[in-house]
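Chain by chain, the residues run as shown.
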Amino acid sequence: MTVTAAQRKGLGTAKLMEIPRLAAIFIAMEASLAEPAVQSGETIVEWRVEPGLTAYPDAVAAMEQRVAAIRDNAAPELIWLVEHPPLYTAGTSARQEDLLEPERFPVFKSGRGGEFTYHGPGQRVVYVMLDLKRRSPDLRRFVHDLEEWIIRSLASFSVTGERREGRVGIWVERRDPLVGGREDKVAAIGVRVRRWVTYHGLAINVEPDLSHFDGIVPCGIAEHGVTSLVDLGLPVGLADLDVALEASFEDIFGPAQIVHPVALSTD
């Protein structure tokens with residue numbers, strides 16, 4: 001990964017050779033990363049839960065538009081929770097040989113970092129559009145915060161999510177004697193940054209059809225499996241996870257005035 005002087009400063013004090021997870025997640029840092037002015041204090045964050053299934057191209061177009069508005073101070077930051085129909089996305093590091101069943105579901109090239117991943121019903125996708133100029137212009141910290149947000153949200157269901165060196169995402173150890181000792185991935189992370197505004201984000205498996213992951217090598221890691229909260233034996237749904245995510249947001253990302261948009265009547 002090529003890192004400019006401005007990006008190097010944003011990486012904090014970490015040595016560049018010590019960030020393999022960061023390199024895997026942040027592939028595309030777009031131009032014009034000027035020296036940011038760090039601001040503190042409470043910020044307004046819109047929290048939107050999209051009903052139904054959202055087409056992936058529509059989601060990307062909406063993110064592009066919102067990121068530009070956030071950058072221009074024309075809209076607040078946004079946490080957008082969606083659910084997609086079954087599809088595969090290819091990050092900027094995706095290898096064609098990891099797409100095992102190219103005809104199974106639609107495949108979309110994505111500007112996010114990472115490799116192939118699956119999105120579909122029963123999986124909560126969280127698009128995170130935050131302005132790091134207003135927060136902390138530290139990319140390494142941002143990735144750590146995303147991981148910590150997932151870990152704390154899972155902890156509310158008594159699930160121990162963990163980081164693994166050299167492996168992107170959040171993992172759980174399976175101690176069930178029926179499945180043996182192994183580690184499965186429960187959440188994926190893939191983001192992009194444009195002029196210090198983040199987008200794309202994370203995906204947490206609540207109750208997806210896990211067989212749909214068979215059409216790819218998830219995130220390029222063949223030796224480990226995938227799991228979900230329901231697969232782990234938890235009777236939870238997307239709404240339960242949404243509550244946990246919102247409850248832990250400020251603990252990770254700092255004070256925020258979370259605003260839920262009011263649906264407009266069509267009458």
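Just above sits the structure.
What you see is a predicted model, and the numbers here were worked out from it, not measured in a lab.

Our next topic: the side chain of Lys185. Inspection of the secondary structure assignment puts Lys185 in strand S9 (residues 182-194). Buried and without a salt bridge, Lys185 has Glu115 as its closest oppositely charged side chain, separated by 8.8 Å. Among the polar contacts made by the side chain of Lys185, one reaches the main-chain carbonyl oxygen of Val168 at a distance of 3.1 Å.

To continue, consider the pairing of strand S5 (residues 116-119). Every second residue of S5 is oriented toward a common face, with Phe116 and Tyr118 on one face and Thr117 and His119 on the other, all of them buried. Inspection of the sheet shows strand S3 (residues 87-90) paired to S5 by four bridges, in the antiparallel sense. Its bridge partner being in S5, Thr89 is matched across the sheet by Thr117.

On to the sheet that holds S3. Pairing within the open sheet is mixed, and its three strands lie in the order S4-S3-S5. Either end of the sheet is taken by a strand with one partner, and the two such strands are strand S4 (107-109) and S5. Across this sheet, the average inter-strand angle for adjacent strands is 30°, counted without regard to direction.

Turning our attention to the pattern of salt bridges. On inspection of all chains with the given rule, the structure shows 22 salt bridges. For Glu64, the salt bridge is made with Arg194, and the minimal N-O distance between the two is 2.5 Å. Of this pair, Glu64 sits in helix H3 (residues 56-71) while Arg194 sits in strand S9, and the two are 130 residues apart along the sequence. Residue classification places Arg194 among the buried positions, given a relative accessible area of 18%. Between Arg164 and Glu162 there is a salt bridge, with its nearest N and O atoms 2.5 Å apart. Under the relative-accessibility criterion, Glu162 is labelled partly exposed at 25%. Salt bridges here are not isolated pairs; linked through shared partners, they connect Glu162, Arg164, Arg167, Glu173 and Glu183.

Between the first and last C-alpha of H3 there are 22 Å, a value that for 16 residues agrees with the 22 Å anticipated at 1.5 Å per step. Considered for burial, the residues of H3 that qualify are Tyr56, Ala59, Met63, Arg66, Val67, Ala69 and Ile70. Along the long axis of H3, the arc covered by the buried residues comes to 160°, so they all point the same way. Counted as exposed and oriented over 90 degrees from the buried face of H3: Asp58 and Gln65. Positive phi appears at Asn73, one or two residues downstream of H3, with a value of about 60°.

With that settled, consider the environment of Leu154. Examined against the element boundaries, Leu154 turns out to sit in helix H4 (residues 139-155). Taking the C-alpha atoms as reference points, Leu154 and Leu245, 91 residues apart in sequence, are found 8.7 Å from one another. Other than its neighbours up to four places away in sequence, Leu154 contacts Val159, Gly161, Ile170, Val186, Ile204 and Leu229.

Rules used in this analysis
- Residues numbered from 1 in each chain as written.
- Predicted model: local features only at pLDDT ≥ 70, side-chain atom pairs only at ≥ 80, totals over all residues.
- Heavy atoms only, no water.
- Helix = DSSP H or I, 4+ residues; strand = E, 2+ residues; numbered from the N terminus.
- Buried < 20%, exposed > 50% of the residue type's maximum accessible area, 1.4 Å probe, protein only.
- Lys, Arg positive; Asp, Glu negative; His and termini not counted.
- Salt bridge = Lys/Arg side-chain N within 4 Å of Asp/Glu carboxyl O.
- Polar contact = N/O pair within 3.5 Å; in protein donor to acceptor, adjacent residues only side chain to side chain.
- Pairing = 2+ DSSP bridges.
- Axes fitted to C-alpha atoms, helices over the stretch in contact; angles between N-to-C directions.
- Expected span 1.5 Å × (residues − 1).
- Arc of directions from axis to C-beta.
- Contact = heavy atoms within 4.5 Å.

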